Amino acid sequence: GKPRRWLARRNVLVVAQMSLSLALLTAAGLFIRSAVRAGDANPGFSMESGLILEVDPGLAGYKETRGRETYRNLLERLRSIPGVESASLAATVPYGILSLGKDVYKAGDLPQGKSADPQAEGKHVGAGYNVVGEDYFKTIGLNVLRGRAFSRSEAELDSGSRVAVIDESLARRLWPNEDALGKRVQFGGEEGEKGSKEIEVVGIVSPVKYDLFEKTPPPFVYVPFGQKYQSGMTVHLKISTLGKQAEASLIQSVRRE
């Protein structure tokens, strides 16, 4: 009947959009690599042997529960493809169009209501922000300096606990004379949301440039996908160096999945 034909057309549109996204992201990757070489820039992460693609289960009408299941199954299937060394998710991509940010406070410094201490408002650090999956730092080649990356359970499910990984720049800004590992932060501007709760810092990573024209990397904070679901995400793949023909075949396998 009509509903089935409509669903089939919609699925074709979703697949077409994903294919187009792959093509656009491939072109964007070529531009970024050329620009970085031209500017002799060091982005702080590996730009070799990587593949990225956009996925959004919401385009097929999937709500959060089914969306999480879709990402979990997709990552398992992508990781099983010969030549894929690791796979993860991220809400934003370095040098991409979209960027996110948070006002980050040390726990206890977040202003509470209209009667809050006016001096407290100046205690935050404006930081870049990303929602990422398990193995994200490994996949893009970003060093975990202290502590740990997010576990699989943190990346897939919302257990109610709140954790974050911050970069060394944010750690120095918030705790210039202390180790930030194990400390707690809060996000501003999220009154009544889960993000306003205290969040434990479980890892410290190297700084990353997210803008091609930044002279120095900005402070940055990462939270796990399980903690903050978003429908539209970018899948990052780290692939083996296989040669052009084998890599082209691998990309076709990724498209099929």
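Let me begin by describing the structure that accompanies this report.

**Section: the overall build of the protein chain**
In step 1: Within the protein chain, the secondary structure is distributed over six helices and ten strands.
In step 2: Within the protein chain, the proportion of its 257 residues that are buried is 42%.
In step 3: If you sum the accessible surface of the protein chain, you get close to 14000 Å²; carbon and sulfur atoms cover 52% of it.

**A short note on helix α6 (residues 244–256)**
In step 1: In this model, α6 (13 residues) spans 19 Å end to end at C-alpha, consistent with the 18 Å of a helix rising 1.5 Å per residue.
In step 2: Among the residues of α6, those classed as buried are Leu250, Ser253 and Val254. Mapping the buried residues of α6 onto a view down its axis gives an arc of 100°, with all of them on the same face. Away from its buried face by more than 90 degrees, α6 exposes Lys244, Gln245 and Arg256.

**Points about unusual backbone geometry**
In step 1: In this structure, aspartate 135 is a non-glycine residue whose phi angle is positive, near 70°.
In step 2: Mapped onto the elements, aspartate 135 comes out in the loop between β4 (125–132) and α3 (136–140).

**Here's the deal with the environment of glycine 189**
In step 1: Along the polypeptide, glycine 189 turns up in the loop between β7 (184–187) and β8 (199–205).
In step 2: Residues glycine 189 and leucine 110 lie 79 residues apart in sequence; the distance between their C-alpha atoms is 9.5 Å.

About the criteria used
- Throughout this document, residue positions are counted from 1 along each chain, in the order its sequence is written.
- Only residues with pLDDT of 70 or above have their local features reported here, since the model is predicted, and side-chain atom pairs are shown and tallied only from 80 upward, although totals for entire chains, interfaces and linings are computed over all residues.
- Each side-chain value is worked out from all heavy atoms of the structure, with water and hydrogens disregarded.
- Think of it this way: any DSSP run of H or I at least four residues long counts as a helix, any run of E at least two long counts as a strand, and we number them from the N terminus.
- Only protein chains enter the accessibility calculation, which uses a 1.4 Å probe. A residue is then buried if its area is under 20% of the maximum for its type, exposed if over 50%, and partly exposed in between.
- Throughout, the Shrake-Rupley method with a 1.4 Å probe supplies accessible areas, and for residues the shown protein chains are the sole cover considered.
- One less than the residue count of a helix, multiplied by 1.5 Å, gives the span that helix is expected to have.
- The directions from the helix axis to the C-beta atoms form the arc being described.

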